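Geometric and topological summary
If you want the building blocks of each chain, they are given just below.
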Amino acid sequence: MEKTTPISVFFHNYYGNDQEWMRFFANELTLPWYLLYNGVAGSYYRITQTNAMFTEQLSGCRQLVVKQSTNQGKDIGGKLVLMDAYLKLGLKSDYILLLHDKHSPYHSHSKQWKKDLFRIAEKEFQQKIIELFNNPQTGIVASEKAIRNELDNEQKSNAYIDSSLIKNLKNKYGIDPPGLQYVAGTMFWVRASLFEDFFSTNPPLQIRSELEPGNITDVEGPTTTHAWERLLCWLVTSKGYQIKGV
Amino acid sequence: MLIDVFYVIPQGIQPETAESIPALELNLPGDNTTACFKTATALSVSNQFCLYLNISSTITHEMARDIVSFFFFGNYYKQQAIPLVLLQAANENDLQAGIDLLQQAAKAQGYSQLNLRRLKPGDKEASTVYTANDLSLIQKAYTGLLNNAAIENAMYIKVLQPGDIMAVNQALAAEEMQFQQQSPLLYALKQQVKQLQQQVLHLQQLSGAAQQEISNQVEHNHILRSSSHSNALQNYYNNEYEVLPLWYKRLGHLIKVFTGKRTFRSLFNDNVKKYKS
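Residues numbered from 1 in each chain as written. Chains lettered and ligands numbered in written order. Predicted model: local features only at pLDDT ≥ 70, side-chain atom pairs only at ≥ 80, totals over all residues. Heavy atoms only, no water.

**Description of the interface of chain A and chain B**
With 35 residues of chain A at the interface, the matching set in chain B holds 35 residues. Carbon and sulfur atoms make up 60% of the area that chain A and chain B hide from each other, which totals about 3100 Å². When the shortest N-O distance is used, the salt bridge between Lys88 of chain A and Asp66 of chain B registers 3.4 Å. Linking chain A with chain B are 13 residue pairs in polar contact (both at pLDDT 80 or more). Of all the secondary structure elements, the ones that give two or more residues to the side of chain A that touches chain B are α2 (44-48), β3 (61-69), α3 (74-88) and α8 (204-208) of chain A. Sort the elements by how many residues they give to the side of chain A that touches chain B and β3 of chain A lands first, with 5 residues. Within the side of chain A that touches chain B, the residues separate by chemical class into 15 nonpolar, 15 polar and 5 charged. (Contact = heavy atoms within 4.5 Å. Buried area = accessible area lost by both parts, 1.4 Å probe. Salt bridge = Lys/Arg side-chain N within 4 Å of Asp/Glu carboxyl O. Polar contact = N/O pair within 3.5 Å; in protein donor to acceptor, adjacent residues only side chain to side chain. Helix = DSSP H or I, 4+ residues; strand = E, 2+ residues; numbered from the N terminus. Nonpolar A, V, L, I, M, F, W, Y, C, P; charged D, E, K, R; others polar.)

As structure tokens, this is what we get:
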């Protein structure tokens, strides 16, 4: 099926290597695309990188929007900055692809995890992803290895099931998913209209103001930032849409 | 240019950016911040800009949040990561209330400080805003700034029509060239001071980022050294494998041998290499 509406790629970058990422997108994306690119201003890796400016014309890229944010809410905060820009600029896409330069330096198996997450940006999977979206019930497509159920998350007890934090957020934003499936790592394709509808009534920067600053982890207890890792998927499934894997 | 020149640009006039810092004007409340956002997006990423807020009455939280969204432009004018906002207001109460809201909204997005400069059109102080058609006054003021020993110098000029920035820039460039010819040593010193200031700012930024990264690494190491991940792996292993009956596990060993993943002799002898890869 031909798609002429560009996809919107939201990419949050903490570790630099901007030029390499731009080339990655130009090489891998098969559809026309808008690139909304957020870099963390205070990142040591970004400050020390050379060749930070984008000098090349990117094949397939219809518009490049560059942002530079504070480190608040980690990649979730960065993606909310980009969602704000997407809405303000009046961009229209059928799909939004959320990505970030994941490292997870405190995970013992971070390299494999990153590889699993990034397959959704690779050329060979994109046709399959679009075919999955041809099913009108599909709301999100992610790497199948990233799809989890919060009920199986033994490490976090019930932190994101029935803690007051998650209950308050679900009530505040009217999110009531039928199940607790979500995409761990917050990298997925989503039907753009679902995010447009939600964030038009719930300003992204308002949500971002509630996230924790710095490189927050949830080892000691649940955080609002990590709650939104779930809620970004649950706002889709609570509208009756499904998460599919590749 | 030795002096930072900020050009206040009303909505409807396209900013020319060569050798200048556009200060996009927003009348609050009233003006459409989204239209200004699109104007800012159209600027080249290599050209810095800032906002000039003309506050005429009470502003809302939403307006303040919309203003803060401009700070996320990579080319928004910041020094030491602190965004600059130029302000004008006739009413002191409106101004102070607006400042409070802006600072709150900025803090909520991770900006602990704002550089707020109040400007007063027609004022005789450094905070005055000149109009672009007052060229002789602008030239005189610029020459005064060049001869001024103060390190922090800036000039603010209101644009009235397209082409104003180009015309004023040319006039100021001529003043600067004359200054260079008349006082070459002072010119060279001022240039060097400006370069050194930029280097100091960059090094301060680098030092702050390095300190933060060290703190991050310390925490990451603490997490890795804690037992949380090994517990998670052990639990996964127990749930997926250990709970299975012995006969099923032994059947699995045979399957490993048939599929070439394990050596046959290792089924009977602990002193033989178990796995082939």
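**As for the side chain of Thr186 of chain A**
Position of Thr186 of chain A among the secondary structure elements: in the loop between β7 (181-183) and β8 (188-191). Excluding residues within four positions of it along the chain, Thr186 of chain A makes contact with Asp75, Ile76, Lys79, Leu98, His100, Glu229 and Leu232 of chain A.

**Quick notes on empty space enclosed by the protein**
Residue and element names in this part refer to chain A. Counted according to the given criterion, the structure contains 1 cavity of 30 Å³ or more. In this structure, the largest cavity occupies an estimated 50 Å³ of space. Of all elements in the fold, only α3 and α7 (192-201) reach the threshold of two or more residues within the lining of the largest cavity. With 4 residues, the single largest contributor to the lining of the largest cavity is α3. Across the lining of the largest cavity, the residue classes break down as 8 nonpolar, no polar and 1 charged. (1 Å grid on protein atoms, 1.4 Å probe; cavity = no way out; pocket = protein on both sides within 12 Å on 5 of 7 lines; lining within 4 Å. Points joined across faces, edges and corners; volume = space filled by probe spheres on them.)

**Looking at the packing of aromatic side chains**
Residue and element names in this part refer to chain B. For the structure shown, the criterion picks out 36 aromatic pairs over all chains. Ring geometry for Trp247 versus Tyr248: centroids 5.7 Å apart, planes at 85 degrees, classification edge-to-face. Given the relative accessible area of 43%, Tyr248 is considered partly exposed. Here the aromatic residues Phe37, Phe49, Phe70, Phe71, Phe72, Phe73, Tyr76 and Tyr111 are joined through ring pairs into a cluster of three or more. (Phe/Tyr/Trp six-rings, centres within 6.5 Å; stacked < 30°, edge-to-face > 60°. Buried < 20%, exposed > 50% of the residue type's maximum accessible area, 1.4 Å probe, protein only.)

**Remarks on the packing of α3 of chain A against α7 of chain A**
All names here are of chain A. Two numbers describe how α3 lies on α7: the axes approach to 11 Å, and their chain directions differ by 90 degrees. The angle between α3 and α7 places the two elements in the roughly perpendicular class. Contacts between α3 and α7 involve Leu80, Met83, Tyr86 and Leu87 from the former and Ala192, Phe195, Glu196, Phe199 and Ser200 from the latter. Looking at side-chain class alone, the contact of α3 with α7 contains 7 nonpolar, 1 polar and 1 charged residues. (Axes fitted to C-alpha atoms, helices over the stretch in contact; angles between N-to-C directions. Parallel < 35°, antiparallel > 145°, perpendicular 65-115°, else oblique.)

**What to know about the sheet that holds β8 of chain A**
All names here are of chain A. Spatially, 7 strands are ordered β3-β2-β1-β4-β8-β5-β9 in an open sheet, and the strand pairing comes out mixed. Bordering the open sheet on either side are β3 and β9 (242-245), each of which pairs with just one other strand. Put simply, the sheet's adjacent strands are angled 20 degrees from each other on average, direction ignored. Relative to β8, strand β5 (residues 138-142) runs antiparallel, the two sharing 2 bridges. The partner of Val141 across the bridge, within β8, is Trp189. Along the sheet, helix α5 (residues 123-133) makes contact with β4 (95-100), β5, β8 and β9, crossing β5 at roughly 160 degrees. (Pairing = 2+ DSSP bridges.)

**Brief notes about the environment of Phe6 of chain B**
All names here are of chain B. Along the chain, Phe6 turns up in strand β1 (residues 4-9). Using a relative accessible area of 0% as the deciding quantity, one classes Phe6 as buried. The spatial distance from the C-alpha of Phe6 to the C-alpha of Phe268 is 83 Å, given a sequence separation of 262 residues. Among residues more than four places away in sequence, those in contact with Phe6 are Ile21, Cys50, Tyr77, Leu84, Leu86, Arg117, Ala154, Met155, Tyr156 and Ile157.

**Concerning helix α1 (residues 33-42) of chain B**
The periodicity of an α-helix, 3.6 residues per turn, causes residues three or four positions apart to be oriented the same way. If you check which residues of α1 of chain B are buried, you get Thr33, Cys36, Phe37 and Ala40 of chain B. An end-on view of α1 of chain B places all buried positions within 105 degrees of arc, on one side of the element. Buried residues in α1 of chain B make contact with β3 and α3 of chain A together with β2 (21-28), β3 (50-55) and α2 (61-68) of chain B. If you check the start of α1 of chain B, you find a side-chain oxygen 2.8 Å away from the backbone N of Thr34 of chain B, and it comes from Asn32 of chain B. (Arc of directions from axis to C-beta.)

**Remarks on helix α6 (residues 164-173) of chain A**
All names here are of chain A. Where α6 is concerned, the buried positions are Ile166, Leu169, Lys170 and Tyr173. Buried residues of α6, viewed axially, fall in a sector of 100 degrees; they line one side. Turned more than 90 degrees away from the buried face of α6, the exposed residues are Ser164, Asn168, Asn171 and Lys172. The positive-phi residue at the C-terminal boundary of α6 is Gly174, with phi of around 65 degrees.

**Observations regarding the environment of Gly240 of chain A**
Relative to the assigned elements, Gly240 of chain A resides in the loop between α9 (224-237) and β9. Along the sequence, Gly240 of chain A and Glu144 of chain A sit 96 residues apart, while their C-alpha atoms lie 20 Å from each other.

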